[in-house]
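Descriptive structure summary
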Amino acid sequence: MGRSIIEKIWDEHAVADLGDGSWLVYIDRVFLHERTGSIALKGLEAAGREVRNPEQVFCVMDHIVDTLPGRTDDTMMPGGKDFIQTTRQAAKAAGITLFDLGDDRQGIVHVVSPEQGIAYPGLTLVCPDSHTCTQGALGALAWGIGSTEAEHAMATKTLVVKKPKLMEVRFDGRPAYGVTAKDMILYLIGRYGAGAGVGYAIEFTGEGVRSLPQEARFTLCNMAVEFGAWTGLISPDDTTIEYVQGRPYAPGDAHWDQAVAHWRELATDDGARYDQQIVIDCADIVPQVTWGTSPQHTAAIDTVVPDPSTETDHTRRQLMERALEYMDLAPGTPLTEVPIDAAFIGSCTNSRLSDLRAVAAILKGRKVADGVKAICVPGSGQVKKAAEAEGIDTVLRDAGFEWREAGCSMCFYAGGENFGLKTRVISSTNRNFENRQGPRTRTHLASPTTVAASAVTGRLADVRELAPGSEAAGE
Amino acid sequence: MKKFTELTAIAAPLLRINIDTDIIIPSREMKRVSKQGLSDGLFANWRYTEPGGREENPEFILNQDPYRQAQIILTGENFGCGSSREHAVWALAEWGIRCVVAPSFGAIFQGNCVRNGILPVVLDNALVESLAGQVQADPANNQLSVSLRSCELTGPDGHRHGFAISPADREMLMEGLDAIAVTQKRDDEILAFQARDRLRRPWVSL
């Protein structure tokens, strides 16, 4: 019988069977950031414990650091400096690798880790951050943990983990024009619910996934956690291997061929069995936008705000009603008639070079609508540098976007910078929870191209109706 | 870690699905590099009238008597989804919550609970709603009893409902164990695994 990549990686890392589905699992890499990693490092120190293999532990400043040019350890978030300096000091004491402010490798953990070749196929990688599943797109088993578990992983090189059930989510066909990996994952969550993946590790398969470039695959896996999944991943193929080769911490020449041969064997076999399977036809997917306060509150951009009275499940209906009240939206309103106050491009979901290129193609020769605050935050110093070399920053600035330093920025509100009371934001991020981006801020999640198009029209926009900006400029 | 064996307590129904950790504790309430002092920010966006303020919202259940003394929360599916922040569990524990009953939990949150002395109990939704109905009829007297010895929850009506928990999690909660110390007993196994793995996957060592 064929086996899935999840079972193969699991078996390769199983140190001991602890009974009743729990295993002691070997952890290859730990990544930390200053928000939740600081407390883990401090906890270890307080307990007098050491990091077993500090050369396999990495840390980055991303969550609290400011993203305005000229930033320092001082943050707009009250008390942020303590997180930054505690992390720096503890990282040094523990002997782990830190990508600090001022280092052009600094950026969002799930952008930096693949970019530096720290994540690659077949690894187990954990981070006290729920979007660690992003890195599963390289064919790694990567999942988010708590701070106490991070201490455990660093001190013992293992974690106690319940073996997940397996789910295949297969995307048949190829996404149509204007449809991105973000639309694919929002569609999945919208159709099946934010809790449908609870208890599962998900493998994304099918032509729709295989046809995605590596950076788009990160976007797909990034939101597996918004589906409730323990993690998501994609079997490695040529696209993955080409992406990994030559990166600073990836296997070098001495072991490259051996590693690649191993990774090819890890890919899921024909006939692998899953506990559950979902099949989606990419032809059914159009650009998506969220209208509520859960990622499951998603709709096709060319439809209307849904009507809670048509929902038969009373719990879901109540949630919809509350969400519409929070979002200040009336059922039946065409989504493309909803005006926005702000547009945000960034986050571990959508801040990579390919995202910014697609955004620049829309914005070239266009202007952000009057009164719309528009911000772009590249995912890492490396992304920023590469984008600037291509002139992407100029296109965005000319259009009216702010161009920032790398970090998580306003994906979430930590008490500092935010979009403001009741502001309506179209955002390329991953969570539209109440108050996520600011006090009573109303977040609409969408792809970065939909965000760019909406910034231009001043309303939630159907990106398919906007020709690429260079064509518009030539009209 | 605080042990959990048995508990009879007031339960507060928060019947809503997908209550995320941003709701349990907003990021702005995580003000210091510390596991302490977080209960003040618990459910801050619901508990207080203004974002960032401290004036109590009288409509929020945990601001009402006798729910202020609740040690159990009854809630909807996917409780604790979203951000991995362990601060959500630290805040609940510091406020006084010892047990959360839900049809399902966010995976990271569930793991964080058992490492901090909070028992996550999985029961089906119809049962959670039925228990909530009984509790609401007379919250001070219609308490819930939870036994981790027998892995049973007893409702106000006297009916017992079994729940499942892994032996490792059960032992950790009942004994108040330090998970790292428990794993370190297997250090010989871990080191032997690591030595074998280095031969098998030499590229993984840095």
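The structure under discussion appears in the preceding block.
Report follows, based on the coordinates. (Residues numbered from 1 in each chain as written. Chains lettered and ligands numbered in written order. Predicted model: local features only at pLDDT ≥ 70, side-chain atom pairs only at ≥ 80, totals over all residues.)

**A word on the sheet that holds strand S2 (residues 11-14) of chain B**
All names here are of chain B. This is how the line gets drawn: For two strands to be treated as a pair, DSSP must find no fewer than two bridges joining them. Each helix is a run of DSSP H or I of at least 4 residues and each strand a run of E of at least 2, with the numbering of both proceeding from the N terminus. Between N-to-C directions, angles cover 0 to 180 degrees, with each direction set by a line fitted to C-alpha atoms, over the stretch in contact for helices.
Taken together, four strands build an open sheet; the order of strands is S2-S3-S4-S5 and the sheet is parallel. Two strands lie at the open edges of the sheet, namely S2 and strand S5 (119-122), each paired on one side alone. The sheet shows a mean angle of 20° between the axes of neighbouring strands, direction not considered. Bridge count between strand S3 (residues 72-75) and strand S4 (residues 99-102): three bridges; the pairing is parallel. Directly across from Leu-74, in S4, lies its bridge partner Val-101.

**With respect to the sheet that holds strand S4 (residues 57-60) of chain A**
Residue and element names in this part refer to chain A. In space, the five strands of this open sheet follow the order S5-S4-S3-S6-S7, with parallel pairing throughout. Each end of this open sheet is capped by a strand with a single partner; those strands are strand S5 (97-99) and strand S7 (141-144). Taking each pair of neighbouring strands and ignoring which way they run, the sheet shows an average axis angle of 20°. Pairing analysis gives three bridges linking S4 to S5, with the strands arranged parallel. Note on S5: the bridge partner recorded for Phe-58 is Thr-97.

**Details of the interface of chain B and chain A**
The condition is simple: Two residues form a contact once the distance between their C-beta atoms, set from the backbone, is within 7 Å. Side-chain classes follow a simple rule in which Ala, Val, Leu, Ile, Met, Phe, Trp, Tyr, Cys and Pro form the nonpolar group, Asp, Glu, Lys and Arg form the charged group, and the remainder, Gly included, forms the polar group.
Counting residues at the interface gives 49 residues for chain B and 64 residues for chain A. Secondary-structure elements contributing two or more residues to the side of chain B that touches chain A are helix H1 (21-24), helix H4 (107-114), helix H6 (167-175), helix H7 (179-184) and helix H8 (187-200) of chain B. Broken down by class, the residue content of the side of chain B that touches chain A amounts to 18 nonpolar, 16 polar and 15 charged.

**Re unusual backbone geometry**
The step from B:Asp65 to B:Pro66 runs through a cis peptide bond, and the omega angle for that step is 0°. Mapping B:Pro66 onto the fold places it in the loop between helix H2 (44-47) and S3. Although it is not a glycine, A:Arg440 adopts a positive phi angle of roughly 55°. Summarising the element assignment, A:Arg440 is placed in the loop between strand S18 (424-427) and strand S19 (442-445).

**Considering the packing of helix H2 (residues 37-46) of chain A against helix H5 (residues 147-156) of chain A**
Between two packed helices, what matters for the description is the angle formed by their axes and the separation of those axes. All names here are of chain A. Definition in use: Oblique is the label for any angle not covered by the other classes, which are roughly parallel (under 35 degrees), roughly antiparallel (over 145) and roughly perpendicular (65 to 115). Crossings are sorted by hand: turned counterclockwise from the far helix by less than a right angle, the near helix makes the crossing left-handed, and turned clockwise it makes it right-handed.
Direction vectors running N to C along H2 and H5 enclose 55°, while the axes themselves pass 8 Å from each other. Relative to H5, H2 is oriented oblique. For the pair H2 and H5, the crossing hand works out as right-handed. Packed against H2, whose contacting residues are Gly-37, Ile-39, Ala-40, Gly-43 and Leu-44, the element H5 presents Ser-147, Ala-150, Glu-151, Met-154 and Ala-155 at the interface. Per-class residue counts for the contact of H2 with H5 are six nonpolar, three polar and one charged.

**Points about the packing of helix H6 (residues 181-192) of chain A against helix H8 (residues 214-222) of chain A**
Residue and element names in this part refer to chain A. The contact between H6 and H8 brings their axes to 8 Å, and the two run at 20°. On the basis of the axis angle, H6 is roughly parallel to H8. When the axes of H6 and H8 are compared, the crossing they make is right-handed. For the pair H6 and H8, the contacting residues are Ala-181, Lys-182, Met-184 and Ile-185 in the first and Ala-216, Arg-217, Thr-219 and Leu-220 in the second. Classifying every residue of the contact of H6 with H8 by side-chain character gives five nonpolar, one polar and two charged.

**Description of H8(A)**
Residue and element names in this part refer to chain A. This is how the line gets drawn: To sort residues by burial, count the other C-beta atoms lying within 10 Å of each one's C-beta; a count of 20 or more means buried, 12 or fewer means exposed, and anything in between means partly exposed. C-beta atoms are built from the backbone.
Of all nine residues in H8, eight are buried; the element is thus mostly enclosed. Taken as a whole, H8 has its buried residues at Glu-215, Ala-216, Arg-217, Phe-218, Thr-219, Leu-220, Cys-221 and Asn-222. For H8, the elements touching its buried residues are helix H4 (109-115), H6, strand S10 (200-205), helix H7 (207-210), strand S11 (231-233) and helix H12 (353-363).

**What to know about the nonpolar core**
Across soluble globular proteins, nonpolar side chains have a tendency to be buried as a group. The line we're drawing: A set of buried residues drawn from Ala, Val, Leu, Ile, Met, Phe, Trp, Tyr and Cys, joined through C-beta atoms within 7 Å, is what defines a nonpolar core. As used throughout, domain bounds are those supplied by an automatic or database domain assignment.
Formed by 218 residues in total, the largest nonpolar core has its most connected members in A:Val30, A:Leu220, A:Ala343 and B:Leu74. Broken down by element, the residue count for this core peaks at seven residues, all from H6(A). Residue-level mapping places this core at the junction of two domains, with at least three residues from each of domain 1 (5-277) and domain 2 (288-473) of chain A. Beyond its immediate stretch of four places on either side in the chain, A:Ala343 contacts A:Val372, A:Ala374, A:Ile426, A:Val451, A:Ser454 and A:Ala455.

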